[in-house]
Amino acid sequence: MGLSKIASRLIAKYGEAGVFERPGVLDESSAPPTIGASTFHPATIAVVNYELADRESVNIQVNHLRALTSIEGLGIEPSNGDKLAVAGRSYSILSVERITRRGVALFYDIQVVRS
């Protein structure tokens with residue numbers, strides 16, 4: 001079993017169903033310019049606390065959480081402008097790190113804060 005499958009299996013076991021909301025894009029061809037509809041992308045996500053060692057080494061605040069996200073079935077690459085909803089809670093995305101091994105994406109490690 002490949003590492004991507006193992007990561008997805010662990011996230012599926014300990015995670016929950018979640019949804020990424022990607023804001024619509026600005027359509028400047030209309031007068032006045034309008035923002036298109038948001039799109040929604042389901043994913044399996046495990047929201048966990050950062051370890052103390054993680055908080056000491058980088059810019060991670062006490063109220064920041066880690067959203068480990070399976071790549072399986074996810075139709076987008078999450079980005080800072082997206083919103084995230086898991087278990088009835090809304091989160092703003094602060095940063096996204098794509099975890100890879102030899103160029104193959106395994107999962108996303110996303111820094112979030114409750115919004």
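Shown above is the structure to which this text applies.
The structure contained in this document is the topic of the report that follows.

Calculation rules
Starting from 1, residues in each chain are numbered consecutively following that chain's sequence as written. Thresholds applied to this predicted model are a pLDDT of at least 70 for local features of residues and 80 or more for the giving and counting of side-chain atom pairs; totals over whole chains, interfaces and linings are not thresholded and use all residues. Hydrogens and water molecules were not included; the side-chain quantities draw on all heavy atoms of the structure. Labels follow the DSSP assignment, with helices taken as runs of H or I lasting at least four residues and strands as runs of E lasting at least two, numbered in each case from the N terminus. A contact between two residues is defined here by any heavy atoms of the two lying within 4.5 Å. For the purpose of counting charges, residues Lys and Arg are taken to be positive, whereas Asp and Glu are taken to be negative. His and the chain ends are not included. We put the charge of a Lys on NZ, of an Arg on CZ, of an Asp on CG and of a Glu on CD. Remark: exposure states derive from per-residue accessible area (1.4 Å probe, protein chains only) relative to the maximum for the residue type, with buried under 20%, exposed over 50%, and partly exposed in between. Any pair of N or O atoms that falls within 3.5 Å is considered a polar contact. Within protein, one atom must be able to donate a hydrogen and the other to accept it, and sequence-neighbouring residues count only if both atoms are side-chain atoms. Any Lys or Arg side-chain nitrogen located within 4 Å of an Asp or Glu carboxyl oxygen qualifies as a salt bridge.

1. Focus on the overall build of the protein chain
Step number 1: Of regular secondary structure, the protein chain possesses 2 helices and 8 strands.
Step number 2: Beginning at the N terminus, the succession of helices and strands in the protein chain can be written as α-β-β-β-β-α-β-β-β-β.
Step number 3: Each principal axis of the C-alpha distribution contributes one length, and for the protein chain these read about 50 × 35 × 30 Å.
Step number 4: Residue pairs in contact within the protein chain that sit at least 24 positions apart in sequence constitute 54% of those at least 6 positions apart.
Step number 5: Of the side chains in the protein chain, 12 bear a positive and 12 a negative charge, and the two mean positions are spaced by 8 Å.

2. Notes on the side chain of D82
Step number 1: On the secondary structure map, D82 appears in the loop between β5 (64-70) and β6 (83-86).
Step number 2: Since its relative accessible area comes to 2%, D82 is described here as buried.
Step number 3: A distance of 2.7 Å separates the side chain of D82 from the side chain of R22, its partner in a polar contact.

3. Overview of the pattern of salt bridges
Step number 1: A complete count under the given rule lists 3 salt bridges for this structure.
Step number 2: Where K5 meets E72, a salt bridge forms, and the shortest distance between an N and an O atom there is 3.5 Å. Of the two residues, K5 sits in helix α1 (residues 3-14) while E72 sits in the loop between β5 and β6, which places them 67 residues apart along the sequence.
Step number 3: The class of K5 is partly exposed, set by a relative accessible area of 47%.
Step number 4: E72 sits in the partly exposed class, given a relative accessible area of 41%.
Step number 5: Put simply, D82 and R22 hold a salt bridge, and the shortest N to O gap is 2.7 Å. Of this pair, D82 sits in the loop between β5 and β6 while R22 sits in strand β1 (residues 16-22), and the two are 60 residues apart along the sequence.

Take it as geometry only, folks, not as evidence of what the structure does.
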